[in-house]
Amino acid sequence: MVTSVLAGALEKGLVENVVVLKKSNQYEAVPVLTSDVNDVYASVGSMHMLISNPTKYLRQFQNDTTIALAAKPCDVRGIREQQKRNVIDGDKIFTIGLNCGGTMMPYKIRKVTEEVYGVNPDEVRAEEIEKGKLILETADGEHHSQSIDELEEEDNGRRENCRYCVVKIATNADLACGNWGVMPDYLGKGTFVEVMTEKGAEFLRNAVAGGYAEVKEASEPAAEARGKVNGIMLKMSAKTKEDIFVPLKSQTLQEFKKELENCISCGACKAVCPPCACGPEAKCTVFNDPVDNYDISLFHMIRFLHLMDSCVGCGQCSDVCPADIPLARLYRKFADPMQDELNFITGMDDRTPPFFDVKLEEVQ
Ligand SMILES: Cc1cc2nc3c(=O)[nH]c(=O)nc-3n(C[C@H](O)[C@H](O)[C@H](O)COP(=O)(O)OP(=O)(O)OC[C@H]3O[C@@H](n4cnc5c(N)ncnc54)[C@H](O)[C@@H]3O)c2cc1C
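We now turn to the structure provided with this report. (Residues numbered from 1 in each chain as written. Predicted model: local features only at pLDDT ≥ 70, side-chain atom pairs only at ≥ 80, totals over all residues. Heavy atoms only, no water.)

**Observations regarding helix α4 (residues 73–84)**
Rules: Every helix listed is a DSSP run of H or I at least four residues long, and every strand listed is a run of E at least two residues long, numbered separately from the N terminus. Multiplying 1.5 Å by the helix residue count minus one yields the expected span of that helix. Three labels apply to residues, based on accessible area from a 1.4 Å probe with only protein chains included: buried if under 20% of the type maximum, exposed if over 50%, partly exposed otherwise in between. Any two residues whose heavy atoms approach within 4.5 Å at even a single point are treated as in contact.
In this model α4 runs 16 Å from its N-terminal to its C-terminal C-alpha over 12 residues, within 8% of the 16 Å that 1.5 Å per residue would give. α4 sits mainly inside the fold: 10 of its 12 residues count as buried. Those residues of α4 lying buried are Pro73, Cys74, Asp75, Val76, Arg77, Gly78, Ile79, Arg80, Glu81 and Gln82. Those residues of α4 hidden inside the fold are in contact with α3 (54–59), β3 (67–71), β4 (93–98), α12 (298–310) and α14 (327–342). One or two residues past the end of α4 sits Asn86, with phi positive at roughly 60°.

Put into structure tokens, the structure is as follows:
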């Protein structure tokens, strides 16, 4: 469905370009801007072991073109934050949100493939998540599966921030697509689609009118099933969040400072940070300024404050930190109380998802 909507949007001129993922293998891909529909079709499928950071990628086009893309909820949150800061023009971007239960760290899963699955990662041709299992398909057609829960017991499953993420359905995108709620008859053939904005309705209408996709009204049990799975996932996230953050509540500022002692001032956390829009003149680019107070670099102080409202919980700061500082935890320690209290989680300006009540007849 997602691929069809993107292809239809490109071919019918709703957008000039699409951002697709160009795969090197099952573990690696990079975002690429294209106007070639073949690239769109080639990027079909879910890569659960990839963190692609489309927000930072989009910034370079300086709003010179109209772009459609598929994006995880945290990616859409990043785009929204850039939009709020007038860096990305929301009118020129169309987002199809993907249901996301979480991503896995590519280098870690390569290792797990070898050591836990007993499979050469270069032989993996496809991957899928089904009934709580990560299934790897090798070139010989064999399927190799492991329970995600068991992988996570050894810290080999989803990344930590995904395990406590509270936005699993991208209701902040123009269309929110996913597998949850797809009834057995349509499994593997259909995608559950929620139309979130007028733009989303337009793109879906375009795909249906152009023969790219067919739509059928979701039954009540299907919608209920979607809500139920989401509810279960959110409960699991809440439990993980409690396990991680309740013990941190007693963390003193001295301990906080200690975590930052190993910072080598490389700025990688800021470079990957989706909501960060500060230019080179900003104070948060300066480490260890002579006027720094409190023994914590102004860089860190500013980032803690900047991210209170806007941290999207993507965890990429921790992923890239060469000193292994658990930055995402530190940022979330400040961001969680504020975002929870203000119900700021999806990054929408009005702080509640603007559900666009579209009737089936309107897109057929
Ligand atoms: C990281 C991840 C976790 C997911 N977790 C869940 C889940 O818990 N529950 C569930 O129901 N579904 C999950 N999905 C599947 C997702 O819901 C499907 O992509 C969605 O149902 C659309 O299906 P489709 O067949 O219409 O998509 P397709 O037509 O196959 O299009 C999928 C699009 O997503 C893009 N894409 C693939 N991987 C990534 C990535 N890592 N980052 C950004 N874009 C990507 C592709 O390039 C393609 O454009 C997950 C997908 C991803 C990428």
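**A short note on helix α9 (residues 220–248)**
Heads up, the rule is: To get the bend at a given residue, fit one axis to the seven residues ending there, fit another to the seven starting there, and take the angle between those axes.
When the terminal C-alpha atoms of α9 are compared, their 41 Å separation across 29 residues agrees well with the 42 Å that a helix rising 1.5 Å per residue should span. By the largest-angle criterion, Glu242 marks the main kink of α9, which is about 30°. Of the positions making up α9, those classed as buried are Ala222, Arg226, Asn230, Met233, Ser237, Thr240, Lys241, Ile244, Phe245 and Leu248.

**Some words on the sheet that holds strand β1 (residues 17–25)**
Quick note on the threshold: In this analysis, strands are considered paired if DSSP registers two or more bridges between them. Axis lines are fitted to C-alpha atoms, over the contacting stretch for helices. Their N-to-C directions set the angle, which ranges from 0 to 180 degrees.
What the 6 strands build is an open sheet, ordered β2-β1-β3-β4-β8-β9; its pairing is mixed. For this open sheet the edge positions go to β2 (28–34) and β9 (192–195), each flanked by a neighbour on one side alone. The sheet shows a mean angle of 25° between the axes of neighbouring strands, taken without regard to direction. Judged from the 3 bridges that link them, β1 and β3 form a sheet pairing that is parallel. Within β3, the position partnered with Val18 by the bridge is Ala68.

**Side note on the layout of surface pockets**
This is how it is decided: Grid spacing is 1 Å over the protein atoms alone, the probe is 1.4 Å, and a cavity is where that probe fits but cannot get out, while a pocket is an open set with protein on both sides within 12 Å along at least five of seven lines and lining residues have an atom within 4 Å of a point. Grid points are joined across faces, edges and corners, and a volume is the space filled by probe spheres set on the points. Basically, the charged four are Asp, Glu, Lys and Arg, the nonpolar ten are Ala, Val, Leu, Ile, Met, Phe, Trp, Tyr, Cys and Pro, and anything else, Gly included, counts as polar.
Quantified by volume, the second largest pocket comes out at close to 490 Å³. What lines the second largest pocket is a set of 20 residues, and nearest its centre among them are Lys108, Arg159, Glu160, Ser318 and Asp319. Of all the secondary-structure elements, those providing two or more residues to the lining of the second largest pocket are α5 (106–115), α7 (160–163), α13 (316–320) and α14. In terms of residue count, α7 provides more of the lining of the second largest pocket than any other element does, 3 residues in total. Looking at side-chain class alone, the lining of the second largest pocket contains 7 nonpolar, 4 polar and 9 charged residues.

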